[in-house]
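Examination of the molecular architecture
Spelled out, the chains give:
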Amino acid sequence: TKGKKYSRIRSFNGAVPGEPVKTDKNSRRGNWGNQIEFILTSVGYAVGLGNVWRFPYLCYRNGGGAFMFPYFIMLVFCGIPLFFLELSFGQFASQGCLGVWRISPMFKGVGYGMMVVSTYIGIYYNVVICIAFYYFFSSMTNLLPWTYCNNPWNTPTCNGVVTPTGINNTLANVTRSLVTGAAEVAVEVVNKTKRTSPSEEYWKHYVLKISDDIGNFGEVRLPILGCLAVSWVVVFLCLIRGVKSSGKVVYFTATFPYVVLTILFIRGITLEGAVTGIKYYLTPQWHKILDAKVWGDAASQIFYSLGCAWGGLITMASYNKFHNNCYRDSIIISITNCATSVYAGFVIFSILGFMAHHLNVDVSEVADHGPGLAFVAYPEALTLLPISPLWSLLFFFMLILLGLGTQFCLLETLVTAIVDEIGTDWIIRNKTVVTGGVAIVGFLLGVPLTTQAGIYWLLLMDNYAASFSLVIISCIMCICIMYVYGHKKYFKDVEMMLGFPPPIFFRVCWRFVSPIIISFILIFTVIQYKPITYNDYVYPGWSLAIGFLMAMSSVTCIPIYALYKISKSEGTTFLERLKNSCKADIKWGPALSEHRIGHYAAPSSEGEVEVRPLKEELKEKEDEKRDEISLTIQGSNGSTAHNTTPSA
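Source: prediction; values computed, not measured. (Residues numbered from 1 in each chain as written. Predicted model: local features only at pLDDT ≥ 70, side-chain atom pairs only at ≥ 80, totals over all residues. Heavy atoms only, no water.)

Remarks on the overall build of the protein
Counted only if it meets this: Secondary structure elements are defined from DSSP: runs of H or I of at least 4 residues count as helices, runs of E of at least 2 residues count as strands, and each element is numbered from the N terminus. Contact criterion: two residues are considered in contact whenever any of their non-hydrogen atoms come within 4.5 Å of each other. Reported accessibility uses the Shrake-Rupley method at a 1.4 Å probe radius. Residues are deemed covered only where the shown protein chains occlude them.
Counting secondary structure elements, the protein contains 27 helices and four strands. Of the contacts formed within the protein by residues at least 6 apart in sequence, a portion of 83% connects residues at least 24 apart. If you sum the accessible surface of the protein, you get close to 29,300 Å²; carbon and sulfur atoms cover 64% of it.

Spelled out as structure tokens, the structure:
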């Protein structure tokens, strides 16, 4: 019929404006099973170990409740806009962190830089997960092994917070009867002396068997190596079918940490001294708001916590359907991430407040961040709780799930970039082989971090591999999209995808505010730079040089690839080649043909669409005339009668 013919004409060139798109699936590349899978995966990616071991300490150090003000200001003006930019970027092109740079091929080095950063993070992040696995397995006992100082690995300076039953009461009575004024002074001096806790000695002398220098690798710690293999196998199995399998796993890995946090929160606030810890965490010190360092820390925490410039956001969004509302998603995920950080602070400081009360010291003396909080301070606090192995199991299980949520996206970023770049049917069909290969390489590169000097290298990578390089990558990405490709064109692209243009607030942030804040973060990072240390150990100069090389290795991808692309571009002069290398590739745009409308429609397709309707109309007119002749019978009186019988 005529209606069917015109529907074929319309579908030939894609979706008609104003009509719903009937096909929105990328069957060749794959999509998320549903939108909840994407949101949970992105939440798992953004919410990681840093939310638990970095944010609460930063908040405490930078003015408590007063830190929340610059933190949420940076979230609104930098975090959410950058998050939305990366999601829309990946979703529009349905490509990973390499393929999206068809928008301006000269800047493809930014994509390679993202891959390098994700590689570094993926290597050491899984080592942290494997140590959490080790502690999780060690907690499956009646008595936590870091409870007392009577173990072979303990030193004479070990001083535990828990003593065997009966001994503590006896010592307390003797002390009470003997202490005089002079003795009280002596006790005060002893109390101020830094003690070595059994949890710290367990961490250093048993788990790590830490060496005295970063260059002294010693032996490979086989238990940690075994746990590293377990963690990589878990990651591989969860990604064995790409987003189809990981999308199902995140229903558990992204939600269960909140269950554990809530259990630990309820337990924490019921402990004596918990209120003191929470007060230390939240009490505003308003005078610190005027300190540039506080604003710098707030901006840096938002930027690094959301995972901007890692390539993971672009990759995850690339598996969305074309018309998905990523604007809504970016707001939901960003706010969820920051709310989790604040919530985790209550959990951590309620326990640390209890510990400070038990030891009769200030909360600042037990507050810590990074591995020191996760594997020393918090485990020690857990020994003070009744049924301590249960709470220890829950805490380390939470750390494992938080780490895996981020690790899934890091590995998928690398795999997707490789598969999209090669793009053959064979490699798309055998994506599992690529995933397995990347996992094996990641495991082998992580082996040096399981040696006795591994913790030194892990902290070196954490401080340098993903520091100022991420800020530079993100800044160049904003400049490329807004100023090289053109903000007007990109706003139209987003409107074509979402059905509405980006709100004016985001347009202003993308063009001006966010790049300025990113530049501020970069300047602040340089000014605030201090050579890395680990407790009392000072890193030698040659190791810091390696750290800078790691940081620069991702950034140098950008100018190297730009020069390569310019040299290969058409043109007789340098300016002509530069101009041609910046132009969007002919393949830039929506991945599916039904979405390539307007100036994205292929010229050949447009030609056919213009000619075909004319041919169809002429043919229809001929058919109508033929039908009219055959269906019309001349009457004897000159009138016409239409035969409506089926045979006619």
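There is more to say, and it comes next.
Side note on the UniProt feature "binding site: Na(+) 2" (unreviewed entry) in the protein
Under the convention used in this document: UniProt positions are given in the numbering used here, feature names are shortened, and annotations may be inferred rather than shown by experiment. Relative accessibility decides the category of a residue: with a 1.4 Å probe and only protein chains considered, values under 20% of the type maximum give buried, values over 50% give exposed, and everything between is partly exposed.
Summarizing the sequence annotation, UniProt attributes the feature "binding site: Na(+) 2" (unreviewed entry) to G44 in the numbering used throughout. Looking at where G44 falls in the secondary structure, it is placed in helix α2 (residues 35-46). Assessed through its relative accessible area of 9%, G44 is described here as buried. Discounting chain neighbours no more than four positions away, the residues touching G44 are A254, L402, G405 and T406.

Notes on the state of the cysteines
Rules: Counting rule for disulfides: a pair of cysteine sulfur atoms within 2.5 Å.
Tallied over the full model, the rule gives one disulfide. Residue C149 pairs covalently with C158 via a disulfide, S to S 1.9 Å. Here C149 and C158 share a disulfide; its torsion about the S-S bond, -65 degrees, makes the bridge left-handed. Judged by its relative accessible area of 28%, C149 is partly exposed.

With respect to the side chain of D493
Applicable threshold: In this count, Lys and Arg are taken as positive residues and Asp and Glu as negative ones, while His and the chain termini are left out. By definition here, a salt bridge exists when the distance from a side-chain nitrogen of Lys or Arg to a carboxyl oxygen of Asp or Glu is within 4 Å.
Within the secondary structure layout, D493 lies in helix α22 (residues 468-498). One buried charge, D493, has no salt-bridge partner; the nearest side chain with opposite charge is K489, at 7.9 Å. Leave out the neighbours within four places in its chain, and D493 touches F92, Y485, W588 and Y600.

Brief notes about the pattern of salt bridges
When charged atoms on two side chains of opposite charge get close, those side chains can pair. Counted according to the given criterion, the structure contains nine salt bridges. Here D420 ties to R29 by a salt bridge, and the two come within 2.7 Å at their closest N and O atoms. Placement of the pair is D420 in helix α18 (residues 388-422) and R29 in the loop between α1 (2-12) and α2, with a sequence separation of 391 residues. For the pair formed by D420 and R29, the shared burial category is buried. Residue K204 pairs with E200 through a salt bridge whose shortest N-O separation is 3.4 Å. Residue K204 and its partner E200 are located together in helix α9 (residues 198-208), separated by four residues, close to a single helical turn. Each member of the pair, K204 as well as E200, carries the same accessibility label: buried.

Points about the packing of helix α6 (residues 108-138) against α22
The following threshold applies: Between N-to-C directions, angles cover 0 to 180 degrees, with each direction set by a line fitted to C-alpha atoms, over the stretch in contact for helices. To sort the angles, those under 35 degrees are grouped as roughly parallel, those over 145 as roughly antiparallel, those from 65 to 115 as roughly perpendicular, and the leftovers as oblique. We call a crossing left-handed when the near helix sits turned anticlockwise from the far one by less than a right angle, and right-handed when that turn is clockwise. Residue classes follow a fixed rule: Ala, Val, Leu, Ile, Met, Phe, Trp, Tyr, Cys and Pro count as nonpolar, while Asp, Glu, Lys and Arg count as charged, and any other residue, Gly among them, counts as polar.
It is the contact of α6 with α22, at a shortest axis distance of 10 Å, that shows an interaxial angle of 155 degrees. Classified by the angle between their axes, α6 and α22 sit roughly antiparallel to one another. With respect to the hand of their crossing, α6 and α22 are arranged in left-handed fashion. Of the residues in α22, those touching α6 at V110, G113, M114 and V117 are S469, L470, I473, I476 and M477. The residue inventory of the contact of α6 with α22, partitioned by class, reads seven nonpolar, two polar and no charged.

Here we look at the confidence of the model for the protein
Put simply, the test is: pLDDT measures how confident the predictor is about each residue, on a scale from 0 to 100.
A residue-level look at the protein finds 84% of positions with pLDDT of 70 or above and a mean pLDDT of 85. Across the protein, the secondary-structure element scoring lowest on mean pLDDT is helix α7 (residues 167-178), at 36, and the one scoring highest is helix α10 (residues 222-238), at 97. Here residues 165-193 scores under 50 on pLDDT; set against residues more than four positions off or in separate chains, the count is two contacts.

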